[in-house]
Structure formats: structure tokens, C-alpha cells
Amino acid sequence: MAAVSLSQIVILYAWFPLALILLFLLLIARFYERSANERTFFGYFGVPIGLFGAGLIRYASVNAIAGDVLGDMLVGIGGLLLILLCLFLYHLMTRNR
């Protein structure tokens, strides 16, 4: 059995607060969809959670915080998708106000 380094543990545990914040955004989008009867695509907030999780697992498997091409791509795509979803939700919630 291979030993687990401290950096691997920190990388994997960093995902949990991130996932909680993104889950909170998902719940905000779901609440707004139900209360305003406007489509927010709240289910898509789960995709960045999965991409960030896969990227952090990849970083932990190569024992590096950055510099891995696949891990960087997963986290980058997750971040880009999260930015787009947040901008869409922001626009939807604040238009005509």
C-alpha cells in the first residue's frame, strides 16, 4: 500500500468547501427558478463540481498542485463553465431592476 502524502490529503480535502459553495449556488439557482418561474439551468452547477473534483483527484494522483495538463484542463473548464453559469444567473436575477 502506498503512503499518502500530506499534500494529497490537503488537495482532496480542499474540494469539500469548494463543493459546498457550489452546492449553495445551485440551491440559489433552484430557489430562483421555482419562485420566479424562469429557467436557470440549476442542474448544470453540478458539472463544475464534478470537474473540480476530477481535477483535484488528478492533482492528488500525480502529487502536484499544478502543472499537470489534464488536471489543469479539468479545473480550467470547470472554472470557465462556473463563470458562465454565474454570469447567466446574475443577469437573469438582476435584469429590469
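Nothing here was measured: the structure is a model prediction, and the numbers come from that model.

Participant: Hey, could you go over the packing of aromatic side chains for me, with residue numbers and the actual values?
Facilitator: Within this structure, the stated rule accounts for four aromatic pairs. Aromatic pair W15 and F16: ring centres 5.3 Å apart, planes at 70°, arrangement edge-to-face. A connected cluster of aromatic rings, assembled from ring pairs, spans Y13, W15 and F16.

Participant: Hey, could you go over the environment of L81 for me, with residue numbers and the actual values?
Facilitator: The topology assignment puts L81 in helix 3 (residues 69–94). The spacing of L81 and L12 is 69 residues in sequence and 21 Å in space, taken between C-alpha atoms.

Participant: Run through the nonpolar core, naming residues and quoting values.
Facilitator: Proteins that are soluble and globular tend to have nonpolar side chains buried together. Counting residues in hydrophobic clusters, the biggest one holds 10 residues: A19, L22, L26, A29, F45, I49, F52, L82, L85 and L89. Only helix 1 (6–36), helix 2 (46–62) and helix 3 provide two or more residues apiece to this core. A per-element tally of this core places helix 1 first, with four residues. Not counting residues up to four positions away in its chain, the partners in contact with L22 are P48, I49, F52 and L82.

Participant: Provide a residue-level description of helix 2, including the pertinent values.
Facilitator: Its 17 residues place the ends of helix 2 25 Å apart at the C-alpha level, agreeing with the 24 Å of an ideal helix rising 1.5 Å per residue. In the core, the buried residues of helix 2 are packed alongside helix 1 and helix 3. Positive backbone phi, at 55°, marks N63, one or two positions downstream of helix 2.

Criteria and thresholds
Residues numbered from 1 in each chain as written. Predicted model: local features only at pLDDT ≥ 70, side-chain atom pairs only at ≥ 80, totals over all residues. Heavy atoms only, no water. Phe/Tyr/Trp six-rings, centres within 6.5 Å; stacked < 30°, edge-to-face > 60°. Helix = DSSP H or I, 4+ residues; strand = E, 2+ residues; numbered from the N terminus. Core = buried A, V, L, I, M, F, W, Y, C linked by side-chain atoms within 4.5 Å. Buried < 20%, exposed > 50% of the residue type's maximum accessible area, 1.4 Å probe, protein only. Contact = heavy atoms within 4.5 Å. Expected span 1.5 Å × (residues − 1).

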